[in-house]
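Remarks on the overall topology
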Amino acid sequence: MKSTINIIGSGFSSLAASCYLAKAGFEVTIFEKNSTIGGRARQLIKDGFTFDIGPTWYWMPDVFQRFFSDFNKKPSDYYTLEKLNPAYSVYFRKDDYITIEDTLEKIKLAFDKEEPGSSKKLQKFIDTAKNNYDIAIKDLVYNPGVSPLELITPATIKKINQFFSTIKKDVRKEFKNERLVKILEFPVLFLGAKPSDTPSFYSFMNYADFGLGTFHPKKGMYQVILAMEHLAKELGVNIKVNAPVESILIENKEAKGLVSNGTNYYSDIVVSGADYHHTETLIDSSLRQYSESYWEKKTFAPSSLLFYVGFDKKLENVNHHTLFFDVDFDVHAKAIYDNPKWPKDPLFYASFPSITDDNAAPEGKEAGIFLIPLAPGLEDTPELRSEYFDKIINRFEHLTSQDVKKSIIFKESFCINDFINDYNSYKGNAYGMANTLLQTAFLRPKIKSKKVNNLFFTGQLTVPGPGVPPSLISGKLVADLVTKHHSILV
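This section reports on the structure supplied with the text. Quick caveat, the model's predicted, so the values are computed rather than measured. The numbering scheme is per chain: residues are counted from 1 as the chain's sequence reads. This being a predicted model, a pLDDT of at least 70 is required before a residue's local features are given, and a value of 80 or more before pairs of side-chain atoms are given or counted; all residues contribute to the totals for chains, interfaces and linings. Side-chain measures here rest on the full set of heavy atoms in the structure, leaving out hydrogens and waters.

1. Some points on the pattern of salt bridges
Any carboxyl oxygen of Asp or Glu that lies within 4 Å of a side-chain nitrogen of Lys or Arg is treated as forming a salt bridge with it. Under the criterion given, the structure shown has 24 salt bridges. What you see here is one network of salt bridges that share partners, running through R93, D96, E114 and R179.

Below, the structure written as structure tokens:
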């Protein structure tokens with residue numbers, strides 16, 4: 001008889017874990033509280049428009065390739081990828097933007113145009129970033145975070161100074177042009193921390209950006225979720241939706257299953273891909289590994305105010321991904337990390353998937369996703385959402401020299417309260433726990449509970465960290481640890 005595993009949540013990490021565990025011979029059941037799978041990576045479909053509610057960037061295609069290859073599959077077996085050109089554009093003032101194209105050579109030309117001679121510095125910077133990428137993504141991040149010794153290799157010993165310097169210092173040492181600096185500091189925002197708090201080693205994100213490029217799955221990021229669901233079901237995984245978990249069953253400090261919709265579902269092992277903090281509220285306080293004060297002291301990645309907007313015309317002067325850096329980044333960052341409050345003048349990001357993908361909007365119309373990074377735990381009201389939509393749409397019109405407000409068919413919003421209600425997210429964070437030096441690898445919350453046998457965790461609050469590719473890796477890490485631990489048990 002197969003050993004059984006119940007998994008809480010159906011985001012990227014849970015789906016990845018379910019596939020690996022089913023392949024290893026376990027009988028796996030996923031419990032998802034919402035009516036559709038995907039966790040943060042769900043869809044909004046309205047009036048012929050389709051929006052990815054959560055992740056919209058497809059970076060690190062090699063990580064997706066590696067995941068599917070572990071099952072003798074390829075991403076192309078399930079969805080079609082298009083490399084974006086341009087990858088994105090960055091606005092600094094009215095009608096004034098820098099376009100990041102699809103190859104490093106083209107990007108170097110853009111840098112030289114902005115700051116003569118900077119292409120040589122960029123090549124050197126990206127060479128280092130690629131080397132870091134090869135060490136990190138092909139090796140380090142596939143460690144389970146159980147020991148500091150995982151970080152000590154011949155390659156990382158040579159890089160030790162990069163763990164004690166920061167992205168901000170490194171970038172500003174080489175580049176003086178503030179516009180180029182902002183572009184080079186941008187990728188680490190995916191790690192959920194300020195460039196001044198992010199170790200230099202994480203420059204591998206710049207290689208993911210400039211070296212590998214930005215992609216778009218046809219029909220949106222949700223196609224990756226559907227691909228993983230298809231694979232999971234092929235492997236025998238059972239998925240239950242509308243199945244919120246009320247508690248984890250524990251006997252003699254050993255996980256025995258969970259309770260969903262008032263029914264006990266027994267299993268040999270429980271894996272949670274739900275919010276780590278929330279998961280520990282499902283067990284007695286004496287069995288929790290981390291106190292409320294622990295979570296309170298941690299540096300969390302931002303939350304977000306998101307708008308999903310249907311326009312009745314095609315928009316001008318924007319690309320699929322467009323960043324608006326026309327205000328002071330440092331001031332906005334302080335409102336997120338140092339003195340949490342609603343920013344007076346927020347940076348924002350916009351995605352227009354219908355520029356690339358006809359499936360995103362009806363013909364002649366445009367689907368727009370707007371995102372403002374926010375500190376988690378802030379007050380969230382309809383009035384604040386409305387106020388900030390007006391702020392960014394007015395700036396959007398000014399910066400891109402076009403009128404769009406009269407062309408809005410509808411807008412839907414998603415913010416802190418929704419992250420809490422839909423995902424049980426701690427303080428409504430959107431991206432998990434930031435990857436600062438003291439929150440890296442073995443210093444993150446552990447995959448395996450030290451107080452409850454057969455209880456494991458996966459996702460963005462444990463290793464390796466925030467983002468879609470790390471979530472896929474986290475699913476593999478927990479599956480490997482479960483399989484190893486189970487073999488010891490039997």
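Picking up after the structure, the text goes on.
2. What about empty space enclosed by the protein?
In the cavity and pocket records, a cavity denotes points on a 1 Å grid over the protein atoms alone where a 1.4 Å probe fits but cannot get out, a pocket denotes an open set with protein on both sides within 12 Å along at least 5 of 7 lines, and lining residues are residues with an atom within 4 Å of a point. Grid points are joined across faces, edges and corners, and a volume is the space filled by probe spheres set on the points. By the definition in use, this model includes three cavities of 30 Å³ or more. Roughly 160 Å³ of volume is contained in the largest cavity. If you list the elements that add at least two residues to the lining of the largest cavity, you get β4 (49-52) and β8 (215-217). When residues are grouped by polarity, Ala, Val, Leu, Ile, Met, Phe, Trp, Tyr, Cys and Pro land in nonpolar, Asp, Glu, Lys and Arg in charged, and all others, Gly among them, in polar. Tallied by class, the residues present in the lining of the largest cavity amount to seven nonpolar, eight polar and three charged. Size it by volume and the second largest cavity reaches roughly 50 Å³. Taken together, K182, E185, F186, L189, P195, F325 and F329 make up the lining of the second largest cavity. Each residue belonging to the lining of the second largest cavity can be placed in one class, and the counts come to five nonpolar, no polar and two charged. A helix here means a DSSP run of H or I that spans at least four residues, while a strand means a run of E at least two residues long, and both kinds are numbered starting from the N terminus.

3. Examining the packing of helix α3 (residues 104-114) against helix α4 (residues 118-136)
The axes are straight lines fitted to the C-alpha atoms, using for helices just the contacting stretch, and the angles between their N-to-C directions are given from 0 to 180°. For the pair α3 and α4, the least separation of the axes is 8 Å and the interaxial angle reads 140°. Judged by the angle between their axes, α3 and α4 are oblique. Crossing of α3 over α4 shows right-handed handedness. Between α3 and α4, the residues in contact are L104, E105, I107, K108, F111 and D112 and S118, S119, L122, Q123 and I126, respectively. Residues of the contact of α3 with α4, tallied by class, amount to five nonpolar, three polar and three charged. These descriptions rest on fixed angle ranges, namely under 35 degrees for roughly parallel, over 145 for roughly antiparallel, 65 to 115 for roughly perpendicular, and the rest for oblique. The handedness criterion is simple: a crossing whose near helix is rotated anticlockwise from the far helix by less than a right angle is left-handed, and one whose near helix is rotated clockwise is right-handed. Note on contacts: a residue pair qualifies if any of its non-hydrogen atoms lie within 4.5 Å across the two residues.

4. Some thoughts on the sheet that holds strand β17 (residues 366-374)
Taken in spatial order, the seven strands make up an open sheet running β7-β6-β15-β16-β17-β14-β18, and their pairing is mixed. In this open sheet, the two edge strands, each paired with only one partner strand, are β7 (96-100) and β18 (408-414). Each adjacent strand pair in this sheet contributes to an overall mean axis angle of 20°, direction not counted. Where strand β14 (residues 303-311) lies against β18, six bridges are found, and the strand directions are antiparallel. Here a strand pair is declared whenever DSSP counts at least two bridges between the two strands.

5. A short note on the sheet that holds strand β12 (residues 263-266)
Read across the open sheet, the three strands follow the order β10-β11-β12; overall the sheet is antiparallel. On the outer flanks of this sheet lie β10 (245-251) and β12, each paired with one strand and no other. Looking at each pair of strands side by side, their axes are set apart by 30° on average, direction ignored. In the sheet, strand β11 (residues 254-260) pairs with β12 via four bridges, with the strands oriented antiparallel.

6. Focus: the pairing of β10
As judged from the six bridges shared by β10 and β11, these two strands associate in the antiparallel manner. Across the sheet, residue L249 finds its bridge partner in β11, namely G257. Joining the antiparallel neighbours β10 and β11 is a turn of two residues, in which N252 adopts a positive phi near 50°.

7. So, unusual backbone geometry
Cis geometry marks the peptide bond from N85 to P86; its omega dihedral reads 0°. Following the sequence through the fold, P86 ends up in the loop between β5 (81-83) and β6 (88-93). With an omega of -5°, the peptide bond running from V463 to P464 counts as cis. On the secondary structure map, P464 appears in the loop between β19 (455-457) and α15 (468-489). Despite not being glycine, N424 has its phi angle at roughly 50°, a positive value. Here N424 falls in the partly exposed class, since its relative accessible area comes to 25%. Phi at N454 is positive, roughly 65°, even though this residue is not glycine. Here N454 shows up in the loop between α14 (416-423) and β19. Burial classes: relative accessible area under 20% of the type maximum marks a residue as buried, over 50% as exposed, and values in between as partly exposed (1.4 Å probe, protein chains only). Exposure remark for N454: the relative accessible area of 5% places this residue in the buried category.

8. Some points on the packing of aromatic side chains
Each pair of aromatic rings taken from Phe, Tyr and Trp, with Trp reduced to its six-membered ring, is defined by centres within 6.5 Å and is described as stacked if the planes are under 30 degrees apart, edge-to-face if over 60, and tilted in the remaining cases. Taken as a whole, this structure holds 50 aromatic pairs when the rule is applied. Aromatic side chains W57 and Y88 sit 5.6 Å apart centroid to centroid with 70° between the ring planes, which places their arrangement in the edge-to-face category. Of this pair, W57 sits in the loop between β4 and α2 (61-69) while Y88 sits in strand β6, and the two are 31 residues apart along the sequence. Grouping residues by exposure puts W57 and Y88 together as buried. Aromatic pair Y58 and F215: ring centres 6.4 Å apart, planes at 65°, arrangement edge-to-face. Separated by 157 residues along the polypeptide, Y58 in the loop between β4 and α2 and F215 in strand β8 bring together distant segments of the chain. With a relative accessible area of 14%, F215 lands in the buried category. Linked through ring pairs, Y20, Y58, F64, F67, F68, F71, Y78, Y79 and F215 together constitute an aromatic cluster. Here the basic side chain of K23 rests over the ring of F71, its NZ or CZ set 5.4 Å away from the ring centre. We call a charge positioned over a ring when the NZ of a Lys or the CZ of an Arg lies within 6 Å of the ring centre and within 35 degrees of the ring normal. Residue placement shows K411 over the ring face of F389; its charged tip is 4.9 Å from the ring centre.

9. Remarks on the pairing of β17
With eight of nine residues buried, β17 is to be regarded as a mostly interior element. Relative to β17, β14 runs antiparallel, the two sharing nine bridges. In the strand pairing of β17, G310 is matched with A367. Bridge analysis of strand β16 (residues 348-351) against β17 gives three bridges, and the strand direction is antiparallel.

10. Some points on a nonpolar patch on the surface
Patch rule: a residue counts if its relative accessible area is over 30% and it has no salt bridge; like charges are joined within 9 Å, and nonpolar side chains (Val, Leu, Ile, Met, Phe, Trp, Tyr) within 5 Å. Computed with the Shrake-Rupley method and a 1.4 Å probe, the accessible areas treat only the protein chains shown as cover for residues. On the surface, L149, I152 and I157 cluster together to form a nonpolar patch covering roughly 330 Å² of accessible area. Locating I152 in the fold gives a position in the loop between α4 and α5 (154-157). For I152, a relative accessible area of 52% gives the class exposed.

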